[in-house]
Amino acid sequence: MNSVDAYAAELLEGLNEPQRHAVQHPGGPLLVIAGAGSGKTRVLTHRVAYLVRSGQCGLGEILAVTFTNKAAAELRHRVGDLLGRSTRGLWVATFHSACARILRVEAEKLGYTRQFTIYDSDDSKRLVKRCLEAEGADTKRFTPNAVRNQISDHKNRLRSVEQAQDLAAGHYDRTVADAYAAYQKQLVANNAMDFDDLMGRTVDLFERYPDVRERYRRAFKHVLVDEYQDTNPAQYRFLQLLCMDDPMHQAGPSGGGTGRDAKGGGEDTNALTAPLAGEEPGHRNLMVVGDDAQSIYGFRSADIRNILDFEDDFPDAEVIKLEQNYRSTQHILDAANGLIGHNSNQRPKHLFTEEGEGDEVRVRAMQDDHAEARWVVSEVERLAGEGVPLGEMAVLYRTNALSRAIETSLTQAELDYQVIGGVRFFDRAEVKDALSYLQWLHNPANTVAFARVVNRPRRGIGDTSVGRMLNHAASTGVTPLEVIADPAAAGLKTAAVKAVGAFAEQIAELRETLFGAPDEAGVGGTASGSDLRVADLVEDVLRVTGYRSELERSEDPQDEGRLENLDQLHAYAEEFDAEGTAGAGEGTGSEDAFHALDRFLQQTALLSDADSKANGPEGQVTLMTLHNAKGLEYDAVFLVGLEDGIFPHSRAIDSGELEEERRLAYVGITRARRHLAITWARRRAMYGPPQSQVPSRFLRELPHEALDETSPEAMSGQPSFGGSERGRRDFSQIGRIGRGSSPSRPGGPPRDLSSLGLKRGSDLVSSKADAPPAPTWQPGQRVRHVKFDTGEVVRMDGDVVVVHFDDVGEKRLIAGFARLEALG
Ligand code: ATP
Ligand code: MG
């Protein structure tokens, strides 16, 4: 063995026989198909490193694709570790980002500029809505979401507008096809592409420009795909075009087409344009790895046949199966296998593990979503106490809407976390703008907030003017608020002076709402707005400054999303106001608006800061949807929101398509190495007031042998904490949480409640919608309050408890909210 071979062979250590075989595969089509945690991704990363080390190709000649950004980052990281050097030049990407990267260079060939915008699904939904409205379609019957999904399906199957129109049989399909035509026209006019276009346009590019295709084919000598079970026809075609000799011969019996569509029973015509003549043979170095049990993108036109029929598509393909699971302990694997066994369309697999039995899986029922969030956080703390790093824990949910309660609880417990996928709510530009207005009203010396808002919405105050005002403030030691009172003094030109004058008037109006009439200097005032609510202030800011009306007038579909975010901010402030009033059980009732604003800004700053905090050595707890969790693994996993209608999703229940949801649950369970807890809540507020929930049917499908002894009770619909140990921990959290942004209480008292010296409800915060029964207190009882410290109960007055505190005297507190602790 020469030294190069020896160097490469190092990479074979720590692999089992079939894994080695795959890593050393000489080239040509290769499929690795195996269950979760069997080392498919490991094989893929080792192969990338092996190809480089053995001198078969350079880093820059490899394209490795997967489905999520997180998984792509993980792949890059693993390859970097193996090679022990930078992975610069290596293309590791999601399908979409690889295509976006290609299109940034080539877009002009397709009639776009390189600066084309990428519309996310919200943007595209809005554009579809406008197209439907322009057509006069009934958007109740043709909901923008459904129509968008149909258009997306056409695109993912590489059907052009004309083909969609030809295929349309009934009125519905024709309306969709017409909307597709209008939508596509608009996209081009806006110099924008939606996500599906990224794939579709790249395929177009390769088909229309053989020379371009040839360039990329030469550039990538090896193409490797993780999670191949989730590829759709467009992605399949993309891979064909990049690797195969003559895609025409891959197209199946009808000739031409994506191959996939053509073999699918022939109902589809295909999108292929002309045959590609006179080009060089493809390298055929395509390695794909996947697991049909983890196919979870059928709803986005992924075609499981891509993996099941790989051998038919590529008759000379080698197929390798892996059977040992290296990730999870036996109980977790049993739970996963038991669940997926309920799917009838599943290839049976024989997975075994040598990791031992491990912990049993725990299923827990909670009273509501807040209690669930707090339980998860208390478990995170318990595991952290046992030495599990935060970075090794993940909370997974079916839809993003489930993250907020968990985020709030984590923030209150001061635990570092990250949310994968989507910009965090408080980091969105429009939300930041609105908060900056509040910050500046709150603190006129805040130049950052001033600079952010002074020309938003645009009011003709240019950067130069802003710079002059900031300089003037700095050199004369005044606040920007004083500067705008006399903009000419800052050396602004007439037009700018006028624009700033109008802005100053708006600010004066807002300050008057906040503080009452201004004093002569116009810079202060007496706090008089004691009944002012933060939610109203948010609305006033948006109205008075013209921020809202500018968005309302806009034609840009993204602005509708911005408006929705502002509505959400308003709802969030309302929730905050409601708690403020409820919490004023603390008695004073004299909290002025300024004070409330203070707390509001602090709270939002904390929430928005959590992400940018330096990542501690312990890492951060990861929050994400199950779809985003594909391919990843954590020591501890929490699956939350296991309720019928949420998971399985109501859409899947209605259409009877439960198998894909079950595969998604299988993906979730198999992310865990050694700890797995699954929760559901009896009541949950998703988009409005709390609703009663029933446990997910998937819970009943988990094999009992894999679960701990408390789980069956939790699956029966009764709330439980699953034992005193957890109950105690849960309660131990409450004192620290205090009156926060999220009203909550745990599902019910732990059985040893009295031994904790707590009375039900007395130590808890509650939402208005779900207030706990008020506890009763006996006169003479000694109590402790978080803020007023110790005192003695005088009497009960309905829901109000009157307490004489040792330091501050008599206070009337709402018993259900006051968090009194019984002493002695
Ligand atoms: P999924 O289907 O969830 O994507 P996978 O098949 O891609 O899973 P990997 O993530 O590659 O599985 O591997 C799971 C875990 O097992 C990883 O921590 C990996 O390092 C480990 N592993 C895989 N093969 C071996 C092996 N031969 N020896 C030791 N550990 C291994
Ligand atoms: Mg994997």
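Worth saying up front: this structure is predicted, and the values here are computed from it rather than measured.

Novice: Help me get a handle on the site of ligand 1, residues and values and all.
Specialist: As a matter of local geometry, ligand 1 sits amid 20 residues, with Lys-40, Thr-41, Gln-294, Glu-633 and Arg-671 nearest to it. Arg-42 is positioned with one of its backbone polar atoms (N or O) 2.8 Å from an oxygen atom of ligand 1. Within the side chain of Arg-78, an N or O atom sits 3.5 Å from an oxygen atom of ligand 1. Here ligand 1 loses 87% of its free accessible area of 630 Å² to cover by the protein chains. Sorting elements by how many residues they give to the shell around ligand 1 places helix 3 (residues 40-53) first, with three residues. For the shell around ligand 1, a count of residues per class yields three nonpolar, 10 polar and seven charged. Both domains that meet at the shell around ligand 1, namely domain 1 (3-111 + 198-322) and domain 3 (362-416 + 618-728), each give it at least three residues.

Novice: An account of helix 16 (residues 330-340) is needed here, citing residue identities and associated values.
Specialist: For helix 16, the full list of buried residues reads His-331, Ile-332, Leu-333, Ala-335, Ala-336, Leu-339 and Ile-340. Turning to helix 16, the residues buried within the fold contact strand 9 (324-325), strand 10 (352-353), helix 29 (658-669), strand 16 (672-684) and helix 30 (697-700).

Novice: Break down the packing of aromatic side chains for me, with residues and values.
Specialist: Taken as a whole and judged by the stated rule, the model has 16 aromatic pairs. Ring geometry for Phe-206 and Phe-238: centres 5.9 Å apart, planes at 15°, overall stacked. Highlighted residues: Phe-206 in helix 10 (residues 195-208) and Phe-238 in helix 12 (residues 233-243), separated in sequence by 32 residues. Ring centres 5.9 Å apart and planes at 5° place the aromatic pair Trp-440 and Phe-503 in the stacked group. Here Trp-440, found in helix 19 (residues 429-442), pairs with Phe-503, found in helix 23 (residues 494-515); they are 63 residues apart in sequence, far enough to count as distant. Phe-503 carries the same exposure label as Trp-440, and that label is buried. Here a set of aromatic residues connected by ring pairs shows up, and it is made of Phe-67, Trp-91, Phe-95, Phe-206, Tyr-216, Phe-220, Phe-238, Tyr-297 and Phe-299. The ring of Tyr-7 carries the charged tip of Arg-53 above its face, separated from the ring centre by 3.9 Å. Over the ring of Phe-67 we find Lys-630, and its NZ or CZ is 4.4 Å from the ring centre.

Rules of the game
- Residues numbered from 1 in each chain as written.
- Chains lettered and ligands numbered in written order.
- Predicted model: local features only at pLDDT ≥ 70, side-chain atom pairs only at ≥ 80, totals over all residues.
- Heavy atoms only, no water.
- Near = heavy atom within 4 Å.
- Polar contact = N/O pair within 3.5 Å; in protein donor to acceptor, adjacent residues only side chain to side chain.
- Areas by Shrake-Rupley, 256 points an atom, 1.4 Å probe, with all protein chains shown as cover.
- Helix = DSSP H or I, 4+ residues; strand = E, 2+ residues; numbered from the N terminus.
- Nonpolar A, V, L, I, M, F, W, Y, C, P; charged D, E, K, R; others polar.
- Domains from an automatic or database assignment.
- Buried < 20%, exposed > 50% of the residue type's maximum accessible area, 1.4 Å probe, protein only.
- Contact = heavy atoms within 4.5 Å.
- Phe/Tyr/Trp six-rings, centres within 6.5 Å; stacked < 30°, edge-to-face > 60°.
- Lys NZ or Arg CZ within 6 Å of the ring centre and 35° of its normal.

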